[in-house]
Amino acid sequence: MGNKEIAWMFENCFPNTLDTTVDHSIINGLPDTYVITGDIDAMWLRDSSAQVWPYLQLCKEDKELQELIKGVIHRQAKFIIKDPYANAFYKDENKLSEWRKDDTEMLRGVHERKWEVDSLCYTVRLAYGYWEATGDSSAFNEQWFEAMKKVVKTFKEQQRFDGQGPYSFQRKTPIATDTVPMKGFGNPVKPNGLICSIFRPSDDATIYPFLIPSNFFAMHSLLQLSIIAEKVKNDMDKTELDTLVQQVEKGLAKYAKIKTEKYGDMYAYEINGYGSVNLMDDANIPSLLSLQYLIPLMKDDKTYQNTRRYVLSEDNPFFYKGKAGEGVGGPHVGANYIWPMSIIMRGLTSTDDAEIKMCLDMLQHCHAGTGFMHESFNKDDASNYTRSWFAWANTLFGEFVWKVYRERPHLLK
């Protein structure tokens, strides 16, 4: 690359997951890979999937890398079987969590039990992506299909056609987004086929539990699971799976879209089925901005494009613009903090050279001399940042730079 600073950052960031967060071993004859998120010694289903995702492109000719990622898939299946409602786990199955006093069913080995639809979606995405990249279906063993049955069961429970389901969560905390109203079941919803997500991918509580980006992700992941169920020998109920896909798809078609005077038809961030709508976007993925990244066919969706314009405007209450850059943040770290992840996602979902170059420039100037991505930085001062070791953002940055290098190398001169 002609841009030596971006090249240096790429060298630091792209292998950061492999360099600093991976614990690989063989357990009962099968590869097992435990992946921490960075500065927290716990494995998030979401983060671990996203951290190794860009390496899939290198898998076909690299057997050791195949085994490492297959180990992530095996480890995630174990976690889902243990507790499909948990978002993060320890390698030590007997470890007691610092959050063990949360008012929910906390098992040993569970770090945190925040129910997030996207956690389970990411595990399907990784397994399907691995299979597609390598043609290797050996990861789809009996244990994996047992975990996938739990995924389907959990999604159906959280459609809430038959009551509120078994999950509730409360925490004694001064932080409102870290606990859940209505005795831990979340604000009321009117069942319509969509799946309740009590927390967002930021680990913040939802306001209205029908989280639209996560339901789009769920529909796409369930379609991928249906393909696996059809092509690989197993005992999953494909009719049940396809019915669930249709219910989520119907719910999204009927309830996810709203009409606005300024942007035309666009997608809401959260709804409750009663007519209440939360208009915003959060930097964490899945977000409204990231829908085209997670579901490539959505690039031709006019409603998505309208939504994208809204997300990247000051009409989005969590879009910030200052001396150090512009991008989306969220409630998790507070006002005026931009997440590099949102700038990366803006670049990954753009086809405009000027916009992609702007994203590269902002990322080049927001690392505060460290050569790594951070969780967030102050809109007016990039040296005021949170989390110096956040592997998801690092690997995602590497994925973005690699994509630009392959498709638009002139932007890296």
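Provided above is the structure to which this section pertains.
Conventions and cut-offs
- Residues numbered from 1 in each chain as written.
- Predicted model: local features only at pLDDT ≥ 70, side-chain atom pairs only at ≥ 80, totals over all residues.
- Heavy atoms only, no water.
- Helix = DSSP H or I, 4+ residues; strand = E, 2+ residues; numbered from the N terminus.
- Expected span 1.5 Å × (residues − 1).
- Buried < 20%, exposed > 50% of the residue type's maximum accessible area, 1.4 Å probe, protein only.
- Pairing = 2+ DSSP bridges.
- Polar contact = N/O pair within 3.5 Å; in protein donor to acceptor, adjacent residues only side chain to side chain.
- Contact = heavy atoms within 4.5 Å.

**Concerning helix H13 (residues 391-407)**
Taking 1.5 Å of rise per residue, the 17 residues of H13 would be expected to cover 24 Å, and the 24 Å separating its terminal C-alpha atoms lies within 8% of that figure. Counting buried positions along H13 yields 13 of 17 residues, so the element is predominantly enclosed.

**Topic: the pairing of strand S8 (residues 264-267)**
For strand S7 (residues 257-260) and S8, the ladder comprises four bridges, and the chain directions are antiparallel. Note on S8: the bridge partner recorded for Ile 258 is Met 266. The turn linking S7 back onto S8 is made up of three residues.

**Section: the side chain of His 111**
Mapped onto the elements of the fold, His 111 is located in strand S5 (residues 110-112). The buried category is assigned to His 111, whose relative accessible area is 4%. A polar contact of 2.8 Å, which involves the side chain of His 111, links it to the side chain of Tyr 90. When neighbours within four sequence positions are excluded, His 111 is seen to be in contact with Ile 40, Ala 42, Trp 44, Ala 88, Phe 89, Tyr 90, Ser 97, Glu 98, Trp 99 and Met 106.

**Some words on the side chain of Glu 326**
With respect to the helices and strands, Glu 326 occurs in strand S12 (residues 325-328). In terms of polar contacts, Glu 326 uses its side chain to reach the side chain of Arg 346, at 2.9 Å. Apart from the residues lying within four places of it in its own chain, the contact partners of Glu 326 are Phe 319, Tyr 320, Lys 321, Ile 338, Ile 343, Arg 346, Met 358 and Met 362.

**Structural notes on the sheet that holds strand S4 (residues 88-89)**
On the basis of which strands lie adjacent, the open sheet formed by three strands has the order S3-S4-S5 and antiparallel pairing. Strands with a single pairing partner mark the edges of an open sheet, and in this sheet they are strand S3 (43-44) and S5. Pairing analysis gives two bridges linking S4 to S5, with the strands arranged antiparallel. Across the sheet, the residue bridging to Phe 89 is Val 110, located in S5.

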